[in-house]
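The lines below spell out each chain.
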Amino acid sequence: VYRYMESWSWMNSFYYVFTCFATIGLGDYVPGGSGVSNEPVVTWYHVWHIATVGLGLTLLATLFAIQQEHVEDAIGSAVSFVLPEYDVDPVVEVRQKMLASAYIEHAHDYLKLFHAIDASHDGHITYLELRNFCRDRLHLSKDNVSDEQIQEVFEVIDRRKNGLVEHRALLEFLMDKPMRK
């Protein structure tokens, strides 16, 4: 079509299509660039050109997306073949992320970390406050740590088993020290 409508050679037409769909677009060939002023402003050719380029780029983007999924799957398979899968202890993971959060944001000021988790500011941390902190601030998705695992972490921290965690219990959890009676 470009060869006929633009009077380009086969090679120039192919070159234009390649540079257009490769999104290089050097601008050395421009369809409709004849400069004749008595042509209508919009012709069927202009509509065809816009539709063809739009659909072609959409198809190309779709093919790239499909290929990327295949590459990611192949890499995941290769990594799982080389590195064995292992279960991460949610208690250890939450503890490590809390320590990192306390260090980065508060330079080991665990009281500030406690207040960051204690959204209700009542001096106690509930399971819901811990879960929200883990999801929002520690960015632990349900794929990494389930709600049941966060409940398990809460039960480890809540050594008094009253559903409320105080500052001392959080500190002992973070320092991995047993609670003194």
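In case you missed it, the structure is sitting above this.
Description of the structure in this document. This is a predicted model, so every value here is computed, not measured.

Let us look at the overall build of the chain. From N to C terminus, the chain includes eight helices and zero strands. In the chain, the succession of α and β elements from N to C terminus is α-α-α-α-α-α-α-α. Taking all contacts inside the chain whose residues are at least 6 apart in sequence as the whole, residues at least 24 apart take part in 49%. Within the structure as shown, the chain displays about 12600 Å² of accessible surface, and the carbon and sulfur contribution to it stands at 61%.

A separate point is unusual backbone geometry. Positive phi outside glycine occurs at H121, with the angle close to 55°. With respect to the element layout, H121 can be found in the loop between α5 (110-117) and α6 (127-136). Although it is not a glycine, H139 adopts a positive phi angle of roughly 55°. Considering the arrangement of structural elements, one finds H139 in the loop between α6 and α7 (147-157).

Next up on the list: α7. For α7, the complete set of buried residues consists of I150, V153, F154 and I157. When α7 is viewed along its axis, its buried side chains cluster within an angular range of 100° and face the same direction.

Let's shift gears to the packing of aromatic side chains. The full count for this structure, using the stated rule, is two aromatic pairs. Here Y127 and F154 contribute two aromatic rings whose centre-to-centre distance is 6.3 Å and whose plane-to-plane angle is 75°, an arrangement assigned as edge-to-face. One end of the pair, Y127, is in helix α6; the other, F154, is in helix α7, with 27 residues separating them in the sequence.

What follows is about a nonpolar patch on the surface. Together, M11, F14, F18 and I24 line one region of the surface with nonpolar side chains, adding up to about 470 Å² of accessible area. Assignment of secondary structure puts I24 in the loop between α2 (10-21) and α3 (44-82). A residue is classified by how much of its surface remains accessible, and I24, at 45% relative accessible area, is partly exposed.

With 24 residues, the main nonpolar core has M98, L130, I157, L170 and F173 as its most contacted residues. Counting residues per element, the ones that place at least two in this core are α4 (90-106), α5, α6, α7 and α8 (167-175). Setting aside residues no more than four positions away along its own chain, M98 makes contact with L113, I117, L130, F133, L138, L170, F173 and L174.

Rules behind the numbers
Residues numbered from 1 in each chain as written. Predicted model: local features only at pLDDT ≥ 70, side-chain atom pairs only at ≥ 80, totals over all residues. Heavy atoms only, no water. Helix = DSSP H or I, 4+ residues; strand = E, 2+ residues; numbered from the N terminus. Contact = heavy atoms within 4.5 Å. Areas by Shrake-Rupley, 256 points an atom, 1.4 Å probe, with all protein chains shown as cover. Buried < 20%, exposed > 50% of the residue type's maximum accessible area, 1.4 Å probe, protein only. Arc of directions from axis to C-beta. Phe/Tyr/Trp six-rings, centres within 6.5 Å; stacked < 30°, edge-to-face > 60°. Patch = residues over 30% accessible without salt bridge, like charges linked within 9 Å, V, L, I, M, F, W, Y side chains within 5 Å. Salt bridge = Lys/Arg side-chain N within 4 Å of Asp/Glu carboxyl O. Core = buried A, V, L, I, M, F, W, Y, C linked by side-chain atoms within 4.5 Å.

By themselves, these observations are geometric and do not establish any function.
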